[in-house]
Amino acid sequence: MRALVSDLPLMLVEVGILAGEVTVLDDISLTLSPGAPTVLIGPNGSGKTTLLRAAMGLIPVTRGRVTWGGRDASPPDRRAILFQRPVMLRRSTGDNVRYALAAAGVPRTARYDRAAELLVLVGLEGFDQRPARRLSGGEQQRLALARALARDPEVLFLDEPTASLDPAATKAIEDIVRDISARGVKVVMATHDLGEAKRLAGEIALLHRGHLIEHGPAAEFFAAPRSEEARKFIAGELLV
Amino acid sequence: MTVDVSALHMVLTGDPGLFAIVRLSLVVSLSAVLFAALIGVPIGAFIALTRFPGREGAIVTLNAMMGLPPVVVGLAVFLALSRSGPLGSWGLLFTPQAMVIAQTILVAPIIAALTRQTIEDLWVEYRDELAAMNVGPAGRVMTLVWDARFSLVTALLAGFGRAAAEVGAIIIVGGNIDGFTRTMTTAIALETSKGDLPLAIGLGMVLIFIVILINALAWGARRAGERYAG
C-alpha cells in the first residue's frame with residue numbers, strides 16, 4: 001500500500017524543460033532535503049509551477065533528470081501537490097477528502113474518521129455535506145489542502161496557495177502550512193509574494209526566466225543577497 | 001371539435017387498447033435507452049480518455065451517426081432479422097425485441113457521442129488533480145462518469161426523445177401488429193392514414209404528455225443532485 005522508502009532527498013540534476021520551442025526551465029540543479037520549507041520565489045513565468053510539476057513527477061523533463069530518494073522513478077505515493085487553481089470534484093466537501101483518502105489507499109472503514117480530522121485541521125469542520133464547488137476561494141484552497149494531506153505526504157508542493165486570497169484567508173493557509181511543516185512534512189512552496197516568503201521560508205530558491213539564480217538559507221538570502229536579481233526582488237523592485 | 005372531445009374521452013377513461021399501446025411504447029423505448037446506455041456510455045468514455053489512431057475519424061463517425069435515418073436502420077435490422085438474414089434463426093422479426101434492437105442502434109450513437117463530449121470536458125478539468133492523486137485508468141473512468149452523472153442524464157433524455165418519437169424503424173421491424181407490436185407512433189401513423197383521427201389525436205396527446213413528464217422528472221432529479229454535489 002504505502003511505500004516505506006523515502007522520496008527525499010529529491011534531486012533535480014541539470015534539469016531542462018522545453019514547451020515546444022520555449023525553454024521553461026534551463027539547467028536547474030536543486031536538492032530538496034528534509035527540514036524547513038523551501039520557498040520558490042520569482043516573478044510570473046519564471047518557471048516555478050513547471051519546477052513543482054517536474055518535482056512532483058507530473059511532467060517529464062527534456063534534459064537532465066529528477067531523482068526521488070536516489071530513484072529515477074517513484075510513484076507519487078508520498079508526494080502531494082496543491083495546484084494554484086485547485087479543481088473541486090463535483091461532490092460534497094467531505095466526499096472530496098474521502099475520495100483522496102480512497103485514492104491514497106486508506107481503507108474504507110477509516111475514511112470517515114480521517115476525513116473529519118483533516119477537515120478540522122484545515123478549519124472546515126461542519127462543512128462535510130456542503131457542495132465543494134459552492135465554497136469560497138479560501139475555503140476551496142483549504143479543502144484542496146486537506147485533500148493533499150489525505151495522501152499523508154512526506155513532501156507537499158504548494159503552488160501559490162494564497163495568490164488570490166485576502167489577508168485573513170492567507171493567514172489561515174499559512175498557519176496550516178506552518179503546522180504541517182512542524183509535523184515533519186517537507187513543504188516546497190512557490191510564491192511571488194515577498195512577505196509570504198519571509199514568513200515561511202527555511203530556505204529560498206530564486207527563479208528568473210527559467211534559471212535558478214540563488215538557492216540558500218532564507219536568513220542569508222534576505223540579509224546578504226548575492227545576485228542583482230535577488231537584490232531587486234528583496235528591495236521590492238519589479239523584477240521582469 | 002367532436003374529434004377532440006372523443007380523443008380526450010379515451011384518455012380520461014383509460015381506454016384499455018390505448019393503455020396497451022402506451023405501455024408497449026414505453027417498454028420498448030425505455031429498454032432501448034437502457035441498452036444503448038450500457039453500450040454508449042463506455043464507448044463514449046473510452047473514446048474520450050484514450051488516444052488511438054483513427055480517433056478523430058471515430059468521433060466524426062459517431063457524431064454523424066446521431067443523425068442515422070430511422071427507416072434505414074429499420075431496413076438494416078429487417079434484413080438482418082429476416083428469415084434469410086444472418087440472424088434470421090433468432091425468429092425476432094415482427095416482435096417487440098426487434099423494435100428494441102432497432103431503437104438501441106438509433107439511440108446508442110447519441111448517448112455515446114454526448115457522453116464522449118461530456119467526459120472529455122470534465123477530464124480536461126480533472127486531469128491534473130487525478131494525476132496528482134495517482135488514480136489509475138479504471139478509477140479515472142469511474143470518477144468521471146460518476147461526477148458527470150447529472151450531465152449524462154441529458155444524454156439519456158436526448159436518446160429517449162429520439163426513441164419515443166421515431167416511427168420509421170419500429171414500423172419496419174415490428175410490423176405494427178395490433179395488440180403485439182403496435183406503439184403510439186406506429187398507431188398514430190396508421191390511424192391517421194385510416195382516417196381514425198380521435199385515436200390518433202389521443203395517442204399524440206399521451207405521447208407528448210409522457211415525454212414532458214419524463215423530462216420533468218429527469219430535470220428535477222438533476223437539479224436536486226446538483227444542489228447536493230455542486
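The structure this text deals with has already been given above.
Residues numbered from 1 in each chain as written. Chains lettered and ligands numbered in written order. Predicted model: local features only at pLDDT ≥ 70, side-chain atom pairs only at ≥ 80, totals over all residues.

> Can you help me understand the overall build of chain A in this one?
A count of helices and strands for chain A gives eight helices and nine strands. Against the compact-globule benchmark of 18 Å for 240 residues, chain A has a radius of gyration of 18 Å, which places it among compact chains. Looking at chain A residue by residue over its 240 residues, the buried ones come to 48%. Put simply, of all contacts in chain A between residues at least 6 apart along the chain, 68% involve residues at least 24 apart. (Helix = DSSP H or I, 4+ residues; strand = E, 2+ residues; numbered from the N terminus. Rg over C-alpha atoms; globule rule 2.2 N^0.38 Å. Buried ≥ 20, exposed ≤ 12 C-beta atoms within 10 Å, placed from the backbone. Contact = placed C-beta atoms within 7 Å.)

> Got a minute to help me understand the environment of Ser29 of chain A in this structure?
Residue and element names in this part refer to chain A. With respect to the element layout, Ser29 can be found in strand 2 (residues 22-32). Residues Ser29 and Arg65 lie 36 residues apart in sequence; the distance between their C-alpha atoms is 9.4 Å. Not counting residues up to four positions away in its chain, the partners in contact with Ser29 are Leu12, Val13 and Glu14.

> Mind showing me how you'd approach the sheet that holds strand 4 (residues 63-68) of chain A here?
Strand pairing in a sheet is mediated by backbone hydrogen bonds. Such pairs are either parallel or antiparallel. All names here are of chain A. What the three strands build is an open sheet, ordered 2-1-4; its pairing is antiparallel. Two strands bound the open sheet, and with one partner strand each, they are strand 2 and strand 4. Here the average twist between neighbouring strands, direction ignored, is 20°. Direction of pairing for strand 1 (residues 10-19) relative to strand 4: antiparallel, over a ladder of five bridges. Its bridge partner being in strand 4, Met11 is matched across the sheet by Thr67. (Pairing = 2+ DSSP bridges. Axes fitted to C-alpha atoms, helices over the stretch in contact; angles between N-to-C directions.)

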